[in-house]
There are 2 protein chains.
Amino acid sequence: MIRPSLGVRWGAIRAYSKLTAEHYNVARGSYGSIEQSDLDFFKSIVPNGVVTDASDLEMFNEDWMHKYRGQSKVMLKPQNTEQVSKIMAHCNARKLAVVPQGGNTGLVGGSVPVFDEIILSLANMNKIRHFDPVSGVLTADAGVILQNADDYLRTQGFIFPLDLGAKGSCQIGGNLATNAGGLRLLRYGSLHGTVLGVEGVFATGEVFDGLSSLRKDNTGYDLKQLFIGSEGTLGVITGLSIICPPKPNAVNVAFLGLESFDKVQEAFVKSRSHLAEILSSFECMDASSLKLASHHCSLQAPLSDVHPFSVLIETSGSNSAHDEEKLSGFLEALMEEGIITDGVLAQDETQIANLWYWREFIPEASTKAGGVYKYDVSLPLPAMWELVDATNDRLIKQNLVGSTDEFPVVDTIGYGHIGDSNLHLNVAVRRYDDRVEQALEPFVFEFVAKHKGSVSAEHGLGFQKAHALHYSKSEHMIGLMKALKRHYDPNLILNPYKYLP
Amino acid sequence: MIRPSLGVRWGAIRAYSKLTAEHYNVARGSYGSIEQSDLDFFKSIVPNGVVTDASDLEMFNEDWMHKYRGQSKVMLKPQNTEQVSKIMAHCNARKLAVVPQGGNTGLVGGSVPVFDEIILSLANMNKIRHFDPVSGVLTADAGVILQNADDYLRTQGFIFPLDLGAKGSCQIGGNLATNAGGLRLLRYGSLHGTVLGVEGVFATGEVFDGLSSLRKDNTGYDLKQLFIGSEGTLGVITGLSIICPPKPNAVNVAFLGLESFDKVQEAFVKSRSHLAEILSSFECMDASSLKLASHHCSLQAPLSDVHPFSVLIETSGSNSAHDEEKLSGFLEALMEEGIITDGVLAQDETQIANLWYWREFIPEASTKAGGVYKYDVSLPLPAMWELVDATNDRLIKQNLVGSTDEFPVVDTIGYGHIGDSNLHLNVAVRRYDDRVEQALEPFVFEFVAKHKGSVSAEHGLGFQKAHALHYSKSEHMIGLMKALKRHYDPNLILNPYKYLP
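Definitions and cut-offs
- Residues numbered from 1 in each chain as written.
- Chains lettered and ligands numbered in written order.
- Predicted model: local features only at pLDDT ≥ 70, side-chain atom pairs only at ≥ 80, totals over all residues.
- Heavy atoms only, no water.
- Helix = DSSP H or I, 4+ residues; strand = E, 2+ residues; numbered from the N terminus.
- Rg over C-alpha atoms; globule rule 2.2 N^0.38 Å.
- Buried < 20%, exposed > 50% of the residue type's maximum accessible area, 1.4 Å probe, protein only.
- Contact = heavy atoms within 4.5 Å.
- Areas by Shrake-Rupley, 256 points an atom, 1.4 Å probe, with all protein chains shown as cover.
- Lys, Arg positive; Asp, Glu negative; His and termini not counted.
- Charge placed at Lys NZ, Arg CZ, Asp CG, Glu CD.
- Salt bridge = Lys/Arg side-chain N within 4 Å of Asp/Glu carboxyl O.
- Pairing = 2+ DSSP bridges.
- Axes fitted to C-alpha atoms, helices over the stretch in contact; angles between N-to-C directions.
- UniProt positions renumbered as here; feature names shortened; annotations may be inferred.
- Core = buried A, V, L, I, M, F, W, Y, C linked by side-chain atoms within 4.5 Å.
- Least-squares fit on C-alpha atoms with pLDDT ≥ 70 in both.
- Domains from an automatic or database assignment.
- Buried area = accessible area lost by both parts, 1.4 Å probe.
- Polar contact = N/O pair within 3.5 Å; in protein donor to acceptor, adjacent residues only side chain to side chain.
- Phe/Tyr/Trp six-rings, centres within 6.5 Å; stacked < 30°, edge-to-face > 60°.

Visitor: Can you walk me through the overall build of chain A in this structure?
Guide: Assigned secondary structure in chain A consists of 18 helices and 16 strands. For 501 residues, the compact-globule estimate of 2.2 N^0.38 gives 23 Å, and chain A sits close to it at 23 Å. Projecting the C-alpha coordinates of chain A onto the three principal axes gives extents of approximately 75 × 60 × 45 Å. Per-residue burial for chain A yields a buried fraction of 62% across its 501 residues. Across chain A, the fraction of contacts at a sequence separation of at least 24, relative to all contacts at a separation of at least 6, is 76%. By element, 50% of the accessible surface of chain A is carried by carbon and sulfur atoms, the whole surface being about 17,500 Å². With 44 positive and 58 negative side-chain charges, chain A shows a separation of 5 Å between the mean positions of the two kinds.

Visitor: Explain the pattern of salt bridges to me, please; I cannot follow it from the model alone.
Guide: Any two side chains of opposite charge can pair, on the condition that their charged atoms come close. Counted by the stated rule, this structure contains 44 salt bridges over all chains. Residue aspartate 420 of chain B pairs with arginine 215 of chain A through a salt bridge whose shortest N-O separation is 3.9 Å. In this pair, aspartate 420 of chain B sits in the loop between β15 (409–417) and β16 (422–429) while arginine 215 of chain A sits in the loop between β8 (207–210) and α9 (224–227), so the two residues belong to two different chains. Measuring nitrogen to oxygen at the nearest pair gives 3.8 Å for the salt bridge that ties glutamate 277 of chain B to lysine 326 of chain B. With glutamate 277 of chain B in the loop between α10 (261–274) and β11 (279–286) and lysine 326 of chain B in helix α12 (residues 320–336), this pair connects stretches of sequence that are 49 residues apart. Lysine 326 of chain B matches glutamate 277 of chain B in its accessibility class, with the two residues each being buried.

Visitor: Any chance you could explain the sheet that holds strand β11 (residues 279–286) of chain A here in plain terms?
Guide: Note on sheets: strands pair through backbone hydrogen bonds, and any given pair is parallel or antiparallel. Residue and element names in this part refer to chain A. With antiparallel pairing, 7 strands are arranged side by side in an open sheet as β13-β10-β12-β11-β15-β16-β14. The open sheet has two edge strands, β13 (342–345) and β14 (371–378), and neither has a second partner. Each adjacent strand pair in this sheet contributes to an overall mean axis angle of 15°, direction not counted. In this structure, strand β10 (residues 250–258) lies alongside β13, joined through 4 bridges in antiparallel fashion. Bridge pairing in β13 places alanine 254 opposite leucine 345. Packing of helix α11 (residues 287–295) onto the sheet brings it into contact with β10, β11, β12 (309–317), β15 (409–417) and β16 (422–429), and relative to β15 it is tilted by some 115°.

Visitor: For this particular structure, what's the right way to read helix α16 (residues 443–450) of chain B?
Guide: What sets the pattern is the α-helix's 3.6 residues per turn: residues three or four places apart point alike. For α16 of chain B, every residue scored as buried is listed here: Phe443, Val444, Phe445, Phe447 and Val448 of chain B. Those residues of α16 of chain B that are buried lie in contact with β14 (371–378), α14 (384–397), β16 and α15 (434–440) of chain B.

Visitor: Which parts of the structure should I look at to understand the UniProt feature "domain: FAD-binding PCMH-type" (unreviewed entry) in chain A?
Guide: Here the UniProt-annotated "domain: FAD-binding PCMH-type" (unreviewed entry) positions come out as residues 68–247 of chain A. Between the C-alpha atoms that bound residues 68–247 of chain A the distance is 38 Å, and the span itself is 23% helix and 23% strand.

Visitor: For this particular structure, what's the right way to read the nonpolar core?
Guide: Looking at soluble globular proteins, one finds that nonpolar side chains tend to be buried together. Ranked by size, the top nonpolar core spans 148 residues in total, and within it Leu223 of chain A together with Leu223 of chain B carry the most contacts. Ignoring any residue separated from it by four or fewer positions in sequence, one finds leucine 223 of chain A in contact with Phe208 and Tyr488 of chain A together with Leu226, Met477, Leu480, Met481 and Leu484 of chain B.

Visitor: Help me out: how do you make sense of the relation of the copies chain B and chain A in this one?
Guide: Both copies of the chain are related by a screw-like operation: a rotation about an axis and a shift along it. It takes a turn of 180° to lay chain B on chain A, together with a shift of 0.0 Å along the axis; the resulting RMSD is 0.0 Å. Both copies of the chain, as the preceding transformation shows, are related through a two-fold rotation axis. Within chain B, the C-alpha atom positioned nearest to the axis of rotation is that of glycine 193 of chain B, 2.0 Å from it. Counting the interface residues of chain B, we find that 100% of their copies in chain A are interface residues as well, pointing to one common contact surface.

Visitor: Honestly, the domain arrangement of chain A in this entry has me stumped. Any pointers?
Guide: Buried accessible area, meaning the area lost when the parts come together, often serves as the stated size of an interface. Residues and elements named next belong to chain A. Assigned domains of chain A: these are domain 1 (20–121), domain 2 (128–243), domain 3 (250–363) and domain 4 (369–463). Measuring from the centre of the C-alpha atoms in domain 1 to the corresponding centre in domain 4 gives 31 Å. Across the contact, 14 residues belong to domain 1 and 11 residues belong to domain 4. Of all residues in domain 1, Lys67, Leu107 and Val108 bury the most surface against domain 4, accounting for 46% of the area lost on that side.

Visitor: I would appreciate a short explanation of the pairing of β15 of chain A in the present structure.
Guide: For a regular strand, side-chain orientation follows a simple rule: the groups alternate between the two sheet faces. Residues and elements named next belong to chain A. The element β15 is extensively covered by neighbouring structure, given that 7 of its 9 residues are classed as buried. Bridge count for β11 against β15 is 3 bridges, and the pairing is antiparallel. Opposite glutamate 283, over in β15, you have histidine 417 as the bridge partner.

Visitor: Teacher, can you tell me more about the interface of chain B and chain A here?
Guide: Counting residues at the interface gives 80 residues for chain B and 80 residues for chain A. Roughly 6,000 Å² is buried in total at the junction of chain B and chain A, and carbon and sulfur atoms are behind 56% of that figure. In this assembly, chain B and chain A are joined by 8 salt bridges. Residues aspartate 420 of chain B and lysine 216 of chain A are paired through a salt bridge, measuring 3.2 Å at the closest nitrogen-oxygen approach. The interface formed by chain B and chain A contains 43 residue pairs in polar contact (both at pLDDT 80 or more). Here the side of chain B that touches chain A gets 9 residues from one element, more than from any other, and that element is helix α17 (residues 475–488) of chain B.

Visitor: How do you make sense of the packing of aromatic side chains when you look at a structure like this?
Guide: Ring pairs (aromatic) are described by centroid distance and by the angle formed between their planes. Residue and element names in this part refer to chain A. Tallied over the full model, the rule gives 42 aromatic pairs over all chains. On the basis of an interplanar angle of 65° and a centroid distance of 6.1 Å, the ring pair of phenylalanine 41 and phenylalanine 42 is categorised as edge-to-face. An aromatic cluster is present here, built from Phe202, Phe208, Phe227 and Tyr488 joined pairwise through their rings.

Visitor: Explain the side chain of aspartate 489 of chain A to me, please; I cannot follow it from the model alone.
Guide: Mapped onto the secondary structure, aspartate 489 of chain A falls in the segment after α18 (475–488). Since its relative accessible area comes to 0%, aspartate 489 of chain A is described here as buried.

Visitor: I'm lost on unusual backbone geometry in this one. Help?
Guide: With the exception of glycine, the majority of residues adopt a negative phi angle, and the majority of peptide bonds are in the trans configuration. Residues and elements named next belong to chain A. Each neighbour pair has its own omega, and for glutamate 441 with proline 442 the value is 10°, a cis peptide bond. Relative to the elements of secondary structure, proline 442 occurs in the loop between α16 (434–440) and α17 (443–450). Positive phi, normally seen in glycine, also occurs at tyrosine 499, with a value near 70°.

Dropping the structure here:
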């Protein structure tokens, strides 16, 4: 079963964002400036991979949500690790700042420059290097697009252990750099467990040759783990090896309507015992999410009524008869015990794709009016939708929400991965407005800190959350992180103004 | 289903080993020596936790295989993290060397001193701190014995994601420190994926407060990963949080006899498609392993004949009817296609326990004649038993193997985790003999390096393999590790003479 990828596309409304540096009043670091001799050197390393045309650079200077805009004058597109190494060694010697960039599908402004950082694009490093069908270990360049990796693996009877809405554009190296979680984490675990090896380049140009493909290797510190989730601040990921699960024979998807978030939690606890080893996704959406998606989509909604909460459950197993029996037993129990009000079970691949569409389209739908403020947080289950309600109330009280143009906010929506206690809180807006941002921050972060959650569950820190890190990490822990950063990147040239406060 | 724990017990034959420092001609580092004022300080911190009696220290100075023996004069038994912090701060200021010790069940001499290092025992830090039955997250002291953690979790409907033969003695902090793999890795993944948080104390006494219990938390570098597998060389693990899987409703175990290792590999590939999500163990033992176990065990062997290879397969699932159907379909296919010669399926918990006994008793059986040389390596599947045969041939050619007392070697055996490409090569001996060691090293390490395997799959480096690290890691990588060690432990007081060359 292959779901249609929504990818991440530039919205129809093209609103030039303000320069990040001006909007947030950031001072440029004491980095070198690019001179002709630097360009000459780069051209000697990557003759066809030096981009300096301003219009060509435009979409790489800006994130896809039009929230952050940098001022880079140069993008480099190396084709192999050796070129990356030479580029980094030069930049380190010249103290030129660099922002590594994958598919540029991030949500926190981590992959675009702030000032004139060199954009180091991995797009031309896009080869599958090796696949072993006995062990299921894939080795590939960092710039391989996730969808391409997954498509290739499916021809071999396997799947990539990670899946997410941006799969049509995002790159697997970027997925590692941001420690992406996505839709399959519940079943296949995090990248810290599935990634077996990382090849990378430190700020100094030193190559990190950690491309092991062994499932077990206890020879020394597991340094590759530091690259996972470091958002290009410790080194540039150029390749990876990862253990991939066999493609499931049977995939089933159900879409359920529920009256309350309490019922959602009851359904989740029940799914753990009834579906256990075949449960591969448990996604939740509130009524506002689904209404927003309906508004921008001509497809018929899965259920005739919009319920306060909708849940999408996916099972992936090896025996379709067994899986269907488990799933129908589970759904019957939910109906009998009054946990769900309504539900539909996909009968074929098209229906499966359509049900998934309603979950995966929500992030895109939230941007359709013009823009979106996105928060990605971990919270204890009971507090998850308290945050959505509290945010909504706050924006209404401040008179920021309405159906006409004078109000910046269209609606506040919540959706997320129940199995991982991961909520995506989105505030859909007609335009970015400082009053909305001020209403949201530090309100959202304080709510999360109060409930001992994480201010970034899976989307990372980037530019947006660098200064919110203290809501989830102690001063001491931040100090340890800064020390590690200096250890590997003494001139602090990699992805500056981001990640750490 | 609870299997009987074999634990790790001191052998009946008590052979004092040589002092590690003398046997391997190691020079003491320039550390401080313990004075009365140090003892006074320690007594002020842990009044009832300062052990100085030589006979009390004996079994903590030596590993259970009688291979390594240190000369510590002091063991400290703190009861909480604050005490560990004060002890470490003092030791760092005084440049006193420290070896953290859990259950002392390691196989590479990592948990015993070499000279007069202070033994820092975690045995008195043995409390379950918290368990959340909705998320399945356990938070506990590092000194909790693995069996106790698992027993507690079973009363809550969950299991610990790690299982291994030494569970009756080993401690969960030590499991993390050595990144133990064990019998369930195939199903539940490695500790890098299941551990959510680590609390630890650095050499300086600084507390590492990383005890997150969030499944997803992308706020900064994942520093806790550095503790996992660092064998007490970067810090002392004092607590941890870990995500635990639900206790499976149905557990089935089959024991199969096969004619060759090729057939074992065929059976493994088939198990991936037939058993898929319910396969929880795929363990292989050769004929010599089983003969050695039979020799020391009064229990009846599972199959009437000893086959060249035996395989133990375990499934763990939520629906016993489904699991039995999958398993019987799998076994029928194996018989029909001539992949297995004989097989038995456990009918009840006692039979399950008895079948597992044959796999878990092998490590202990290998020590019964007096001692054992143990190698734990990763190798590409086809090369796994080539190493066993080559080692056996080599020892025979050097006239070291025989059935009478004049020969040091009893037999060479192989067993391991097929799903993880992890072979345990054991040379059972009547006594430790330098000729055997010289025949084995660097032979075994060179074989592994030639086949791009790992010289330590799951048992770590400790004292035994510190100098073999270069067979699996480059000079550059070792340099990076040494730099990291200096970064966190500037006086190099934590677990010296180990881990790094």
